[in-house]
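Spelled out, the chains give:
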Amino acid sequence: MRVEPITTCGVPAANPLVDGRVRAVVESISPMVDGGRFAAKRIVGDRVAVEADCFADGHDVIAVRLKWRRESDTQWQEAPMVAIGNDRWRAVFEPDAIGRWVYTVCAWVDRFLTWHHDYERRIDEGDIRLAARVGAQLIADAAQRATGDDARRLTD
């Protein structure tokens, strides 16, 4: 079985800001053999531990996911990655059949997690009220983008 990293998350390349910055960065993905030139090899049932350095330009909180699939499949399976320290993230998947498998690591600035992190640190009553209004607006914006039950739950 061959397991290979790919460089995109199945979506268009990250949207750089007007000045060319990319908010979330993914580097040093492993396992990777000779910079991705060769596939890492496993046997069926072996777990593949994927790690990557993921960080943002500033103090915003990021979310990171591992996506994987058989090379011939179109649907990705995915799982959240866990921070293990010093900007390093980790997740594991287990290929269940012989063949080529591909994986990728996706990272993005999570506006709600960033808001929540900052909200927990507030102590001034007026500051808390203002931050709560910002959080309510984040939820309202998410409700407008959502559909079905998700939209109803966010609106409620």
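The present account deals with the structure reproduced in this document. (Residues numbered from 1 in each chain as written. Predicted model: local features only at pLDDT ≥ 70, side-chain atom pairs only at ≥ 80, totals over all residues. Heavy atoms only, no water.)

## A look at unusual backbone geometry
Moving on, step 1. The peptide bond linking S30 to P31 adopts the cis configuration, its omega dihedral lying at 5 degrees.
Moving on, step 2. Here P31 shows up in the loop between β2 (24–30) and β3 (40–41).
Moving on, step 3. Non-glycine residue S28 carries a positive phi angle of around 50 degrees.
Moving on, step 4. One can find S28 in strand β2.
Moving on, step 5. Since its relative accessible area comes to 47%, S28 is described here as partly exposed. (Helix = DSSP H or I, 4+ residues; strand = E, 2+ residues; numbered from the N terminus. Buried < 20%, exposed > 50% of the residue type's maximum accessible area, 1.4 Å probe, protein only.)

## Structural notes on the sheet that holds strand β4 (residues 48–56)
Moving on, step 1. Pairing is antiparallel across the open sheet formed by four strands, whose spatial order is β2-β4-β8-β7. Either end of the sheet is taken by a strand with one partner, and the two such strands are β2 and β7 (82–85). Direction aside, the axes of adjacent strands within the sheet are offset by 35 degrees on average.
Moving on, step 2. Bridge count between β7 and strand β8 (residues 88–93): three bridges; the pairing is antiparallel. (Pairing = 2+ DSSP bridges. Axes fitted to C-alpha atoms, helices over the stretch in contact; angles between N-to-C directions.)

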